[in-house]
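Examining the three-dimensional arrangement
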Amino acid sequence: MTPYYFAYALVLCGVPICFVDDEHFRRQLQFVYFSFILTFLVLFAGIRSPYVDRDYGNYLPWFHDIAHGDANSSEWLRDPSFSLISRVVSAMGWPYPAVTLIFAVLSLVLKWYFATMVVTNRWLTLFFYLLFCHFYILCDLSEIRAAVAIPLMAISIFLACKGRRRMALLVYMAAVAFHFSILLALPVLILLIAGVEFRSRLWVIALVPLAFVILANLSGILASIGNLYRVSEYLTPSAAQDELTLKTPYFAVLLLPVFVGVFVVWKRLSLHYRVAVFGTGYGLFFFVIFISNTVLATRCKDVFEIYAFLLFVAFMQLLRGNKRLIYLAVLVVMGFSLFFKDVSLVNRYSVVDPYTDYGSIIWSVPMNPPTVEQLVTYHKSGYSKECTEVTLQGI
């Protein structure tokens, strides 16, 4: 796992830039740092082999069907941006790794751009460090559609806070095109476009009794939405396995910025930071509601988690001297803990080989064995008959 920690160490090197007082020199250092680190992280994610992550094998048949004109309407509409990018890449005669490279560019550049929009220049590299620690392994090396959709959603909310409603809608639609789960943010965007400024902290506090009301009627609600497009994927028995718990330390960590935002600094917050507090609570609200469904609860939390990290960085402004240094050390340790946890989700790093038949080897990834139905589907899609038969014998 050394390459992952090498990447972590490179990103961590940017944190001390926050303490350069000369703004002009600090901006020069940031330019050099981001020029290098974005290029490195894009290549690291974009040219990874199919052995690295869980989701690579899910995207290959999707890309294969689009490239060979065999994709049905559901595959085209599942997440249109992936389908469109795959179609363009295949039309150019490029292999699937070109898609992962494009998504890596979009994801990392959008996160950097969002960071430049919402935090003061001094704390730019610290915010990027926290985003890297949580999202890089989880999204950029695995859930590549969400990796692009989440910063797009965050940018659209920011634009709405600034009154740029048309642009906010366009960016938001692009986010939904990358991942359906971004529809969770639609109520927030609608409220902002309607002119709501979240001046009262009751917007956040009201989520607590509302969660209890919904929990009391959850079975009926799930039954009514279970047949909606893409929702049923999150309500299968396999998605509900391994129930989560509210007693995890990380849940308490995410509650902290909500508590501080609501009860300590609410009146001092700008509209966007009030929305960040509400967004963090809104994500935890869904996490509590769907606590018995691992996939659904985690997805809801992940969509809005970017705001929790924004608040953690914003609170640096409240501290001075040694307290600020201690708080920075706490954030660095928290980031490393998140990164360390996520590294367990991937295999040893290796680089893609453009001359390898990935359809023939993808199922050799130990942690993601196929079902018989998946193997039959792959065989029908034109993958190696010999590989399919051998793997079926292994099962």
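This one's a predicted model, so the numbers in the text were calculated from it and none came from an experiment.

About the criteria used
- The written sequence of each chain sets the order in which its residues are numbered from 1.
- Residues qualify for local features only when their pLDDT is at least 70, as the model is predicted, and side-chain atom pairs are given and counted only at 80 or more; totals for whole chains, interfaces and linings, by contrast, use all residues.
- Side-chain numbers here rest on the full set of heavy atoms in the structure, without hydrogens or water.
- Numbering of helices and strands runs from the N terminus; a helix is a DSSP stretch of H or I covering at least four residues, while a strand is a stretch of E covering at least two.
- Three exposure classes are used, based on accessible area relative to the maximum for each residue type with a 1.4 Å probe and protein chains only: buried under 20%, partly exposed in between, and exposed over 50%.
- Contact criterion: two residues are considered in contact whenever any of their non-hydrogen atoms come within 4.5 Å of each other.
- Each polar contact in these results corresponds to two N or O atoms within 3.5 Å; when the atoms are within protein, one needs to be able to donate a hydrogen and the other to accept it, and residues that are neighboring in sequence are counted only if both atoms are side-chain atoms.
- Lines are fitted to the C-alpha atoms to define the axes, a helix being fitted only along its stretch in contact, and any angle between axes, read from their N-to-C directions, falls within 0 to 180 degrees.
- Oblique is the label for every angle not falling under 35 degrees (roughly parallel), over 145 degrees (roughly antiparallel), or within 65 to 115 degrees (roughly perpendicular).
- Charged means Asp, Glu, Lys or Arg here, nonpolar means Ala, Val, Leu, Ile, Met, Phe, Trp, Tyr, Cys or Pro, and polar covers whatever is left, Gly included.
- Only Phe, Tyr and Trp rings are paired, with Trp represented by its six-membered ring, and only when their centres lie within 6.5 Å; those with planes under 30 degrees apart are stacked, over 60 edge-to-face, the remainder tilted.
- Patch membership needs two things, relative accessible area over 30% and no salt bridge, and members are linked within 9 Å if like-charged or within 5 Å if nonpolar (Val, Leu, Ile, Met, Phe, Trp, Tyr).
- We get accessible surface area from the Shrake-Rupley algorithm with a probe of 1.4 Å; when it comes to residues, only the shown protein chains can shield them.
- Salt bridges are counted wherever a side-chain nitrogen of Lys or Arg sits within 4 Å of a carboxyl oxygen of Asp or Glu.
- Helix span, expected: 1.5 Å multiplied by one less than the number of residues in the helix.
- Nonpolar cores are built from buried Ala, Val, Leu, Ile, Met, Phe, Trp, Tyr and Cys residues. Side-chain atoms within 4.5 Å join them into one set.
- Each residue carries a pLDDT score, the predictor's own confidence in it, on a scale running from 0 to 100.

1. What about the overall build of the protein?
- Scanning the protein for helices and strands turns up 20 helices and 0 strands.
- Looking at the protein as a whole, 52% of its 395 residues qualify as buried.
- At a minimum sequence separation of 6, the contacts of the protein that also span at least 24 residues come to 75%.

2. Topic: the side chain of arginine 48
- Position of arginine 48 among the secondary structure elements: in the loop between helix 2 (23-46) and helix 3 (56-67).
- At a separation of 3.4 Å, a polar atom in the side chain of arginine 48 contacts the main-chain carbonyl oxygen of leucine 141.
- Residues in contact with arginine 48, not counting those within four places in the same chain, are Asp53, Tyr56, Thr100, Asp140, Leu141, Ser142, Ile144, Tyr349, Ser350, Val351 and Val352.

3. Focus: the packing of helix 2 against helix 7 (residues 124-140)
- One way to put it is that helix 2 packs onto helix 7 with a least axis distance of 13 Å and a crossing angle of 0°. Judged on the interaxial angle alone, helix 7 and helix 2 are roughly parallel. In this structure, helix 2 contributes Gln30, Tyr33, Phe34, Ile37, Leu38, Leu41, Phe44 and Ala45 to the contact, and helix 7 contributes Leu124, Thr125, Phe128, Phe132, Tyr136 and Asp140.
- Per-class residue counts for the contact of helix 2 with helix 7 are 11 nonpolar, 2 polar and 1 charged.

4. Description of the packing of aromatic side chains
- Taken as a whole and judged by the stated rule, the model has 39 aromatic pairs.
- Relative to phenylalanine 336, the ring of tyrosine 5 lies with its centre 6.4 Å away and its plane at 40°, an arrangement referred to as tilted. Of this pair, tyrosine 5 sits in helix 1 (residues 2-12) while phenylalanine 336 sits in helix 17 (residues 321-343), placing them 331 residues apart in sequence.
- Taking 5.0 Å as the distance between ring centres and 70° as the angle between the ring planes, the aromatic pair formed by tyrosine 33 and phenylalanine 34 counts as edge-to-face.

5. Comments concerning a nonpolar patch on the surface
- On the surface, Leu43, Ile47, Leu101, Val105, Val109 and Val351 cluster together into a nonpolar patch covering about 420 Å² of accessible area.
- The leading source of residues in the nonpolar patch is helix 6 (residues 97-118), at 3 residues.
- Following the sequence through the fold, leucine 43 ends up in helix 2.

6. Quick notes on helix 15 (residues 271-289)
- Compared with an ideal rise of 1.5 Å per residue, which puts 19 residues at 27 Å, helix 15 spans 27 Å between its outermost C-alpha atoms and is within 8% of the ideal.
- When you tally the buried positions in helix 15, you get 19 out of 19 residues, the bulk of the element.

7. Thoughts on the nonpolar core
- Ranked by internal contacts, the top residues of the largest apolar core, which has 136 residues, are Tyr4, Leu126 and Phe127.
- Looking at which element gives the most residues to this core, the answer is helix 8 (residues 144-161), with 15 residues.
- Setting aside residues no more than four positions away along its own chain, tyrosine 4 makes contact with Phe44, Val52, Ile137, Leu141, Phe339, Val343, Val346, Asn347, Arg348 and Tyr349.

8. Here's the deal with the pattern of salt bridges
- The final tally for this structure, using the stated rule, is 10 salt bridges.
- Measuring nitrogen to oxygen at the nearest pair gives 2.9 Å for the salt bridge that ties arginine 27 to glutamate 23. In this pair, arginine 27 and glutamate 23 are both assigned in helix 2, 4 residues apart and thus about one turn of the helix distant.
- One network of salt bridges, with partners in common, ties together Lys301, Asp302 and Glu305.

9. Notes on the packing of helix 7 against helix 8
- In the contact formed by helix 7 and helix 8, the axes pass within 7 Å of each other and the chain directions differ by 140°. In this view, helix 7 runs oblique relative to helix 8, as classed from their interaxial angle. Every residue of helix 8 that contacts helix 7 at Phe135, Cys139 and Asp140 is listed here: Ile144, Ala147 and Ile150.
- When the residues that make up the contact of helix 7 with helix 8 are grouped by side-chain class, the tally is 5 nonpolar, no polar and 1 charged.

10. Let's talk about the confidence of the model for the protein
- When pLDDT is averaged across the protein, the result is 83; 82% of the residues are at 70 or more.
- The model gives residues 237-243 a pLDDT under 50, and that stretch makes 13 contacts with residues more than four places away or in other chains.
- Note on residues 359-395: pLDDT under 50 across the span, and 52 contacts to partners over four residues away in sequence or across chains.

11. Some remarks on unusual backbone geometry
- With a phi close to 50°, phenylalanine 198 is a non-glycine residue in the positive phi region.
- If you trace the backbone, phenylalanine 198 turns up in the loop between helix 10 (186-193) and helix 11 (202-205).
- With relative accessibility at 1%, the residue phenylalanine 198 sits in the buried group.

12. Describing helix 8
- Its 18 residues place the ends of helix 8 27 Å apart at the C-alpha level, agreeing with the 26 Å of an ideal helix rising 1.5 Å per residue.
- Burial runs high along helix 8: 18 of the 18 residues are buried.
- Of the residues one or two after helix 8, glycine 163 is the one with positive phi, at around 85°.

13. Details of the environment of proline 61
- With respect to the secondary-structure elements, proline 61 resides in helix 3.
- Considering only alpha carbons, one finds proline 61 and alanine 71, 10 residues apart in sequence, at a separation of 9.6 Å.

14. With respect to the environment of arginine 87
- On the secondary structure map, arginine 87 appears in helix 5 (residues 80-91).
- Each C-alpha atom, one on arginine 87 and one on isoleucine 66, is 6.1 Å from the other, the two residues being 21 residues apart in sequence.
- Once residues within four sequence positions are removed from consideration, arginine 87 is found in contact with Ile66, Ala67 and Trp76.

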